[in-house]
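A structural walkthrough
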Amino acid sequence: EVQLEESGGGLVQPGGSLRLSCAASGFIFNTHTMGWFRQAPGKEREFVAAISWSGGSPVYIDSVKGRFTISKDNAENRLYLQMNSLKLEDTAVYYCAGRHYGQSLYHIWGQGTQVTIAS
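This report concerns the structure included in the present document. Since we're looking at a predicted model, the values are computed, not measured.

**Remarks on the environment of Ala 24**
- Position of Ala 24 among the secondary structure elements: in strand 3 (residues 18-25).
- Assessed through its relative accessible area of 11%, Ala 24 is described here as buried.
- The spacing of Ala 24 and Glu 76 is 52 residues in sequence and 8.7 Å in space, taken between C-alpha atoms.
- If we skip the residues at most four places from it in the chain, Ala 24 touches Gln 3, Leu 4, Phe 29 and Asn 77.

**Side note on unusual backbone geometry**
- Of note in the backbone geometry, Ser 57 takes a positive phi value of approximately 55° without being a glycine.
- Inspection of the secondary structure puts Ser 57 in the loop between strand 5 (46-51) and strand 6 (59-60).
- A relative accessible area of 59% means that Ser 57 is categorised as exposed.
- The residue Ser 85 is not glycine, and still its phi comes out positive at about 50°.
- Looking at the secondary structure, you find Ser 85 in the loop between strand 8 (78-83) and strand 9 (92-100).

Each value, and the rule that gives it
Residues numbered from 1 in each chain as written. Predicted model: local features only at pLDDT ≥ 70, side-chain atom pairs only at ≥ 80, totals over all residues. Heavy atoms only, no water. Helix = DSSP H or I, 4+ residues; strand = E, 2+ residues; numbered from the N terminus. Buried < 20%, exposed > 50% of the residue type's maximum accessible area, 1.4 Å probe, protein only. Contact = heavy atoms within 4.5 Å.

Following this line, the structure appears as structure tokens:
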């Protein structure tokens, strides 16, 4: 079964840090570009960050540049998102997603993990 499973979400204070993890199974992880998306209450899902199939060339949405770091461990079939200097507006359900490097759309999605930033 093709599956992505996020973990590491929780409640943290503004300025705090959190590391999300995504375990992949059922597909060849090292041929897939991976990304993180998020959806806040009342808003559409938005792209956050992505990393190439090889683990290089990370890209980020402007609002998280300098604060978030995406990484990919092909040996462990796991994707990470290190989040620092968290802000209230980072509150959302965070989703892990994957696509084969030869495709343009993300086809594999996790169920999401809740990240809440509150005082």
